[in-house]
Amino acid sequence: MSVLVVAEHDNSVLRPVTLNVLAAAGEIGGDVDVLVAGHDCGDVARSAAAVGGVSRVLCADAPAYAHQLAENMAPLIVEVGADYEHILAAHTTTGKNFLPRVAALLDVAMISDIIGVDSPDTFKRPIYAGNGIATVKSNDAKKVVSVRGTGFDPVPDGGGSASVEAAGSEHDAGISDFVRDELAKSERPELTAARVVISGGRGMQSGDNFKLLEGVADKLGAAVGASRAAVDAGFVPNDMQVGQTGKIVAPELYVAVGISGAIQHLAGMKDSKVIVAINKDEEAPIFQVADYGLVADLFAAVPELEDAL
Amino acid sequence: MKVLVPVKRVVDANVKVRIKPDGSGIDLTNVKMAVNPFCEIAIEEAVRLQEAGVATEVIAVSVGGSNCQEQLRTCLALGADRAILVQTETEAQPLAVAKILKAVYDREQPGIVIFGKQSIDGDNGQTGQMFAALTGLPQGTFASNLSVTDGKAEVVREVDGGLQTVMLSLPAVVTTDLRLNEPRYASLPNIMKARRKPLDVTTPEELGVDATPRFEVLSVEPPPGRSAGIKVESVEELVDKLRNEAKVIE
Ligand SMILES: Cc1cc2nc3c(=O)[nH]c(=O)nc-3n(C[C@H](O)[C@H](O)[C@H](O)COP(=O)(O)OP(=O)(O)OC[C@H]3O[C@@H](n4cnc5c(N)ncnc54)[C@H](O)[C@@H]3O)c2cc1C
Ligand SMILES: Nc1ncnc2c1ncn2[C@@H]1O[C@H](COP(=O)(O)O)[C@@H](O)[C@H]1O
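Residues numbered from 1 in each chain as written. Chains lettered and ligands numbered in written order. Predicted model: local features only at pLDDT ≥ 70, side-chain atom pairs only at ≥ 80, totals over all residues. Heavy atoms only, no water.

Colleague: Mind laying out the overall build of chain B, listing which residues take part and the relevant values?
Modeller: Looking only at helices and strands, one finds 6 helices and 15 strands in chain B. Each principal axis of the C-alpha atoms in chain B carries an extent, and together these give about 65 × 45 × 40 Å. Buried positions account for 55% of the 250 residues belonging to chain B. Partitioning the contacts of chain B with sequence separation of at least 6, the portion at a separation of at least 24 is 70%. Counting every atom, chain B has about 10,800 Å² of accessible surface; 49% of that belongs to carbon and sulfur. (Helix = DSSP H or I, 4+ residues; strand = E, 2+ residues; numbered from the N terminus. Buried < 20%, exposed > 50% of the residue type's maximum accessible area, 1.4 Å probe, protein only. Contact = heavy atoms within 4.5 Å. Areas by Shrake-Rupley, 256 points an atom, 1.4 Å probe, with all protein chains shown as cover.)

Colleague: I'd like a rundown of a negative patch on the surface, residues and numbers included.
Modeller: Together, Glu304(A), Asp307(A), Glu236(B) and Asp240(B) give the surface a local cluster of negative charge. Among the secondary structure elements, those contributing two or more residues to the negative patch are helix H8 (298-308) of chain A together with helix H6 (235-245) of chain B. Residue classification places Asp240(B) among the partly exposed residues on the basis of a relative accessible area of 41%. (Patch = residues over 30% accessible without salt bridge, like charges linked within 9 Å, V, L, I, M, F, W, Y side chains within 5 Å. Salt bridge = Lys/Arg side-chain N within 4 Å of Asp/Glu carboxyl O. Lys, Arg positive; Asp, Glu negative; His and termini not counted. Charge placed at Lys NZ, Arg CZ, Asp CG, Glu CD.)

Colleague: Give me the lowdown on the sheet that holds strand E8 (residues 132-138) of chain A, citing residues and values where you can.
Modeller: Taken in spatial order, the 4 strands of this open sheet run E6(A)-E7(A)-E8(A)-E14(B), and their pairing is antiparallel. The sheet terminates laterally at strand E6 (116-119) of chain A together with strand E14 (215-221) of chain B, the two strands that pair on one side only. Across the sheet, the mean angle from the axis of one strand to that of its neighbour is 30 degrees, orientation sign disregarded. With 6 bridges connecting them, E8(A) and E14(B) associate as antiparallel partners. Bridge assignment links Thr135(A) to a residue of E14(B), and that residue is Ser219(B). (Pairing = 2+ DSSP bridges. Axes fitted to C-alpha atoms, helices over the stretch in contact; angles between N-to-C directions.)

Colleague: Explain the interface of chain A and chain B to me, using residue names and the numbers behind them.
Modeller: The partner chain B presents 76 residues to the 84 residues of chain A that form the contact. Among the residues chain A hides against chain B, the three largest losses belong to Thr93(A), Tyr128(A) and Tyr292(A). Together they make up 12% of the total. Notably, a salt bridge pairs Arg226(B) with Asp291(A), separated by 2.7 Å at the nearest N-O pair. Scanning the region where chain A abuts chain B turns up 50 residue pairs in polar contact (both at pLDDT 80 or more). Class assignment for the residues of the side of chain A that touches chain B results in 38 nonpolar, 22 polar and 24 charged. One ladder, built from 3 bridges, connects strand E16 (residues 292-295) of chain A with strand E15 (residues 230-232) of chain B; its direction is parallel. (Buried area = accessible area lost by both parts, 1.4 Å probe. Polar contact = N/O pair within 3.5 Å; in protein donor to acceptor, adjacent residues only side chain to side chain. Nonpolar A, V, L, I, M, F, W, Y, C, P; charged D, E, K, R; others polar.)

Colleague: Explain the site of ligand 1 to me, and be specific about the residues and the numbers.
Modeller: All names here are of chain A. The immediate surroundings of ligand 1 are formed by 29 residues, with Arg202, Ser227, Ser260, Gln264 and Asn279 found nearest. Here a nitrogen atom of ligand 1 and a side-chain polar atom of Thr245 are 2.7 Å apart. The separation between a nitrogen atom of ligand 1 and a polar main-chain atom of Lys280 is 3.1 Å. Starting from 990 Å² of accessible surface for ligand 1 in isolation, the protein chains cover 84%. Sorting the residues of the shell around ligand 1 by element identifies helix H6 (228-232), helix H7 (263-266) and H8 as the ones contributing at least two each. Tallied by class, residues from the shell around ligand 1 come to 11 nonpolar, 13 polar and 5 charged. (Near = heavy atom within 4 Å.)

Colleague: Before we move on, could you go through helix H1 (residues 37-51) of chain B and cite the residues and values that matter?
Modeller: Residue and element names in this part refer to chain B. An ideal rise of 1.5 Å per residue puts 21 Å on 15 residues; H1 measures up with 21 Å between its terminal C-alpha atoms. By the burial criterion, the buried members of H1 are Phe38, Cys39, Ile41, Ala42, Ile43, Glu44, Glu45, Ala46, Val47 and Leu49. Backbone geometry just after H1 places Gly53 at a positive phi near 85 degrees. (Expected span 1.5 Å × (residues − 1).)

Colleague: I'd like a description of the packing of helix H3 (residues 70-80) of chain A against helix H4 (residues 93-106) of chain A, backed by residues and values.
Modeller: All names here are of chain A. At a minimum axis separation of 8 Å, H3 and H4 run at an interaxial angle of 50 degrees. The angle between H3 and H4 places the two elements in the oblique class. The crossing of H3 and H4 is right-handed. Within the contact between the two elements, H3 uses Ala70, Glu71, Met73, Ala74, Pro75, Ile77 and Val78 and H4 uses Asn97, Phe98, Arg101, Val102, Leu105 and Leu106. A per-class count over the contact of H3 with H4 returns 10 nonpolar, 1 polar and 2 charged. (Parallel < 35°, antiparallel > 145°, perpendicular 65-115°, else oblique. Left-handed = near helix turned anticlockwise from the far one by under 90°.)

Colleague: Got a sec to walk through the nonpolar core? Specific residues and values, please.
Modeller: Among the nonpolar cores identified, the biggest contains 53 residues, and Leu35(A), Tyr65(A), Ile77(A), Phe98(A), Leu99(A), Val86(B) and Phe131(B) are the most heavily contacted of them. When residues of this core are assigned to their parent elements, the largest contribution, 9 residues, is made by helix H3 (residues 94-108) of chain B. Once you skip the residues sitting within four places of it in the chain, Val86(B) turns out to touch Val61(B), Ser62(B), Val63(B), Gly64(B), Ile100(B), Val104(B), Thr202(B), Thr203(B), Pro204(B) and Leu207(B). Within the second largest apolar cluster, 46 residues are counted, among which are Val51(A), Val17(B), Ile26(B) and Phe215(B). (Core = buried A, V, L, I, M, F, W, Y, C linked by side-chain atoms within 4.5 Å.)

Colleague: Can you break down the site of ligand 2 residue by residue, with the values?
Modeller: All names here are of chain B. Close to ligand 2 lie 17 residues, the nearest being Pro6, Val63, Ser119, Gly125 and Thr127. In the environment of ligand 2, an oxygen atom lies 2.7 Å from a nitrogen or oxygen atom belonging to the side chain of Thr127. For ligand 2, whose free accessible area comes to 480 Å², the fraction covered by protein is 98%. Taken together, the elements giving at least two residues each to the shell around ligand 2 come down to strand E6 (57-64) and strand E8 (112-116). It is E6 that contributes the most residues to the shell around ligand 2, 3 residues altogether.

What follows is the structure, given as structure tokens:
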């Protein structure tokens, strides 16, 4: 039995979520190989080879894979994945983009967003915005699975010495082109990997007021997130949205400020270890999941919190 | 150019669902059902393409039980010209839905197919991409902007790091994110008009598609419970608790 993990990276750095996917692969069992598909991505391949438990790193380095367009990635993964029983990737916007395409080309089902491995063919995954946890058994010979990072503790980064081999041919479907990226630049830790997250909602009233949260975030080394309402209102960019249809986070500490606690928001943060809610409405549903609730006006409480830290 | 919009009937987004006591699934008796919110956005986008003179006809298609007709009527009231129900009483899984939709695509030959990025019941996020694979079409997933010119579609995608723009040759597949548009409400006259718009019913068998399930849901359990903690009286007390009780800050 063997597992192929498709690495998450930006051609220069292996993204930490890959270590969580490798943990899921380890639970499935058997040899674990990593596919690094990109362009000028040798550093990523070397990083992957240094992770303990990885048997081989397969590197598909070609211009067609520079932006990991799904149209080109899918046939590559089908080719490289031919001899594997499991093909895994992170349930990120990259993995979600190409993996269903891979499954359909292979004529197998895909199991999305798993948070647990019961056996090599049976997995746990949230449904209905996390209101149910389904145990799902795949009856296909090949399993194509996306992994929720927060569902698995990462494998340690290091201690490995896998071989790196070139693999796969260049598939350029020629039907899609990358035009541009507008990536948010932030000095802060990445939302899904941060130890502390502080998020603002509609109660923040404006994008400018998010500076209040940044003051606290600076002191805690936290990432800053947001509710959908705050993103829709244009206070902050889309990549900050936490929830069923945004990012899933599970930090040690999650602080929700001016967020009511709709089920779709809870779906993205209720696995956090400790939840704090600051809201002026004592009936707000967020208090039903908060370990510590403070009924207060955020414009007074947040600056006070920054001073107290 | 025709635009095809696959829509799914799902539990209304505001319903707090209950799990059946025997753990066999979600209890859907007497629960309010609706058009999957992402599909509503897809219909809106298609109707806007028609209003802009880019699309000539908007076709809504759903795979599911006969009660999906309610949601298809809603789509017709929102501006779709006609609807197709592919009726099956066994729940079709994403791969089967994608195959069924491919058969519809082959018949209708639309220039764009607009999916929702995810159904809020199964949270799969697969069907659009699977359909794109089966038809060999390019895909612009998680779209927050779509512009169609000169036989190409430019799609702005909401990705984890921010935004990514891709250019796709037509025909193409698009899946909608929440910020693509704000769907309109159906007016009463349009709801009345929708009753007379065509709604065809077919079946997977008629389309020659094998919709056999590929995976089984063995059980559904409630998520680990999380109970309300305490209310603190002041910021000072909060910081003290976080430091000395929860020990999550220094
Ligand atoms: C298909 C679908 C998907 C969705 N996906 C997501 C998702 O991924 N993530 C997400 O977050 N939402 C999502 N939503 C939206 C969700 O249903 C809620 O609408 C949203 O989370 C509300 O955001 P909010 O709590 O910031 O705003 P509101 O519900 O308006 O709450 C604002 C809160 O701020 C408080 N407040 C106001 N002023 C102050 C003040 N001065 N001091 C203290 N408190 C104050 C108020 O008491 C209130 O509780 C989705 C919805 C749908 C239909
Ligand atoms: N039964 C169905 N009938 C029609 N369209 C569907 C169906 N299931 C899924 N879709 C489409 O595929 C999208 C993504 O669904 P999913 O892959 O289940 O998350 C939905 O928003 C719909 O556009």
